[in-house]
Amino acid sequence: MVRGEQTHRRSADAVCSIDVDDLPEGVIVADARGRVVAVNRAACRLTGVDDDVVGKHFPDVLPFRDDDGRDWWKWLDAYGGLRIRSRQPECSLYLPGGHELLVAARFVRRPARGGDVVRVVVTLRDAAARARLERSRADLVSTVAHELRSPLTSVKGFTATLLAKWDRFTDDQKRVMLETVNADADRVTRLITELLDVSRIESGRLQIHRQVVDVPARARKIIEGRVAAGEPEERFRLQVDGELPEMWLDQDKIDQILGNLLENAVRHGRGTVTIVVEPVEWGVAVSVRDQGEGVAPELASRVFRQFWRGNGRRRGGTGLGLFIVKGLVEAHGGTISVQRAPGGGAEFRFTMPAGTPDFG
Ligand SMILES: Nc1ncnc2c1ncn2[C@@H]1O[C@H](COP(=O)(O)OP(=O)(O)OP(=O)(O)O)[C@@H](O)[C@H]1O
Ligand SMILES: [Mg+2]
């Protein structure tokens, strides 16, 4: 393997030397006449060429073509064109075998501004990672479409039936149908709200509006809400261990986190649900424990993924709850994990730094 060029970068007190062979991306360097002067290990792996390409003309050894079959090196016209041109943005190109690569180029000029191109540095990335991402997007679209279709099918079915045969149903039958339609419309609204949260989390657009939040009081309020909705009061226990620091958090998001974890403990767990709030060195830790089957250790990382639901499928969830909870916790600078609760069952525990008024 030909050694790549050594790159030296000087900092205040150290000289850092990087060998191009250590780079995770493929790098090929051509000189002022288009001859390959360096190729790194990753480039050889991605393109299938050997290090004997050094000294040969770039387009002869790497005949890249674009989507339309055009010769990339020719249209790149590295040594011609505008003298202020310094780079060619990444694009998708193909080698003769049909293998797709993402290729970008940088033109090194001497002098740097407006000079002749003395080197062309080409970077290569495997397009498989991008293809995987696209596939996961396609999966997402089909999952969302499916999740939206089932409640809408029921809304459409019941309303059409009621409109066509209104007089044939008793009031009670009509009520049951309308209640189903109502619940399904709520499901669609909830799903869309969740999807908007997911998209904010994924694009980093989630905003945290901090204020002083009394975490135990919020937990109490969420419990009261569930009791008011008909669940037995003795099902919930709130335990506050020690003195908490002043917490600057986003109250609505804390409610959302607690609401989701409590809902899961009730829906997927069993027995008493205990919320433990305790101080940690730099903030607060909240654990939500139940006495159900718990989450198997090998599934611990999976439960936080989008649309993942174990046996939750039968329980009407969409599998977005914990993904959103994790996103909300992390947006506060916190972390969340799941383990076995002391008395069996699941324990979801999140910790959050106390935050400050101006802490983003
Ligand atoms: N307390 C728990 N005990 C056992 N399993 C749980 C618990 N909480 C979550 N899970 C498992 O993790 C899966 C993912 O949870 P998540 O909250 O993300 O989705 P969901 O509750 O199924 O749907 P959604 O919250 O979107 O309505 C659940 O389907 C369930 O299998
Ligand atoms: Mg849930």
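An account of the accompanying structure is given in this report. (Residues numbered from 1 in each chain as written. Chains lettered and ligands numbered in written order. Predicted model: local features only at pLDDT ≥ 70, side-chain atom pairs only at ≥ 80, totals over all residues. Heavy atoms only, no water.)

Further remarks concern the packing of aromatic side chains. What the rule picks out here adds up to seven aromatic pairs. Centroid distance Phe 58 to Trp 72: 6.3 Å. Interplanar angle 50°. Geometry classified as tilted. With Phe 58 in helix α2 (residues 58-61) and Trp 72 in helix α3 (residues 72-76), this residue pair connects regions lying 14 residues apart in the sequence. With a relative accessible area of 0%, Trp 72 lands in the buried category. Where Phe 64 meets Trp 72, the ring centres are 5.8 Å apart and the plane angle is 85°; that geometry is what we call edge-to-face. By the burial criterion, Phe 64 is buried, and Trp 72 matches it. Among the aromatic residues, ring-to-ring pairing joins Phe 58, Phe 64, Trp 72, Trp 73 and Tyr 79 into one connected group. Above the ring of Trp 166, the side-chain terminus of Lys 174 is found at 4.0 Å from the ring centroid. (Phe/Tyr/Trp six-rings, centres within 6.5 Å; stacked < 30°, edge-to-face > 60°. Helix = DSSP H or I, 4+ residues; strand = E, 2+ residues; numbered from the N terminus. Buried < 20%, exposed > 50% of the residue type's maximum accessible area, 1.4 Å probe, protein only. Lys NZ or Arg CZ within 6 Å of the ring centre and 35° of its normal.)

The next thing to look at is the sheet that holds strand β9 (residues 236-240). Taken in spatial order, the five strands of this open sheet run β9-β11-β12-β14-β13, and their pairing is mixed. Strand pairing shows two members of the sheet lacking a second neighbour, β9 and β13 (335-340), which therefore form its edges. Averaged over all pairs of adjacent strands, the angle between strand axes in this sheet comes to 15°, irrespective of strand direction. Relative to strand β11 (residues 273-280), β9 is paired through five bridges, and the arrangement is parallel. Across the sheet, the residue bridging to Leu 238 is Ile 275, located in β11. Where helix α6 (residues 215-228) meets the sheet, its contacts fall on β9, β11 and β12 (283-289), and the angle it forms with β9 comes to roughly 175°. (Pairing = 2+ DSSP bridges. Axes fitted to C-alpha atoms, helices over the stretch in contact; angles between N-to-C directions. Contact = heavy atoms within 4.5 Å.)

This part covers helix α8 (residues 321-331). Owing to its 3.6 residues per turn, the α-helix brings residues three or four apart onto one side. Most of α8 sits out of view: eight of its eleven residues are buried. On its buried face, α8 sits against α5 (171-202), α7 (251-268), β13 and β14 (346-353). Gly 333 occupies a position one or two residues after α8 and carries a positive phi of about 85°.

What follows concerns the site of ligand 1. Taken together, 23 residues lie near ligand 1, and Arg 190, Asn 264, His 268, Thr 318 and Leu 322 sit nearest. Arg 267 has a polar side-chain atom sitting 3.1 Å from an oxygen atom of ligand 1. Take Leu 322: an N or O atom from its main chain is 2.8 Å from an oxygen atom of ligand 1. Considering ligand 1 on its own, with 600 Å² of exposed area, one finds that the protein chains cover 96% of that surface. When contributions to the shell around ligand 1 are tallied by element, the ones reaching two or more residues are α5, α7, α8 and β14. For the shell around ligand 1, a count of residues per class yields eight nonpolar, ten polar and five charged. (Near = heavy atom within 4 Å. Polar contact = N/O pair within 3.5 Å; in protein donor to acceptor, adjacent residues only side chain to side chain. Areas by Shrake-Rupley, 256 points an atom, 1.4 Å probe, with all protein chains shown as cover. Nonpolar A, V, L, I, M, F, W, Y, C, P; charged D, E, K, R; others polar.)

Turning next to the pattern of salt bridges. Overall, the coordinates contain 19 salt bridges when judged by the stated rule. Ionic pairing is found between Arg 218 and Asp 255, a salt bridge with its closest N-O pair at 2.9 Å. One end of the pair, Arg 218, is in helix α6; the other, Asp 255, is in helix α7, with 37 residues separating them in the sequence. Side by side, Arg 218 and Asp 255 carry an identical accessibility label, which is buried. Each of Arg 226, Glu 231, Glu 263 and Arg 267 takes part in salt bridges that share partners, so that together they form one network. (Salt bridge = Lys/Arg side-chain N within 4 Å of Asp/Glu carboxyl O.)

Quick look at unusual backbone geometry now. Of all residues except glycine, most have a negative phi; of all peptide bonds, most are trans. Of note, the bond from Arg 110 into Pro 111 is cis; its omega dihedral lies within 30 degrees of zero at -10°. A positive phi is found at Phe 307, a non-glycine position, where the angle reads about 65°. As for its placement among the helices and strands, Phe 307 is situated in the loop between β12 and α8. A residue is classified by how much of its surface remains accessible, and Phe 307, at 15% relative accessible area, is buried.

Pairing is antiparallel across the open sheet formed by five strands, whose spatial order is β4-β3-β7-β6-β5. The two strands at the open ends of the sheet, each matched to only one other strand, are β4 (36-39) and β5 (87-94). Direction aside, neighbouring strands of the sheet carry axes that sit 20° apart on average. Of the strand pairs in this sheet, β5 and strand β6 (residues 100-110) are connected by six bridges, and their pairing is antiparallel. Across the sheet, Gln 88 pairs through a bridge with Ala 105, a residue of β6.

The values reported here are purely geometric and, on their own, carry no functional implication.
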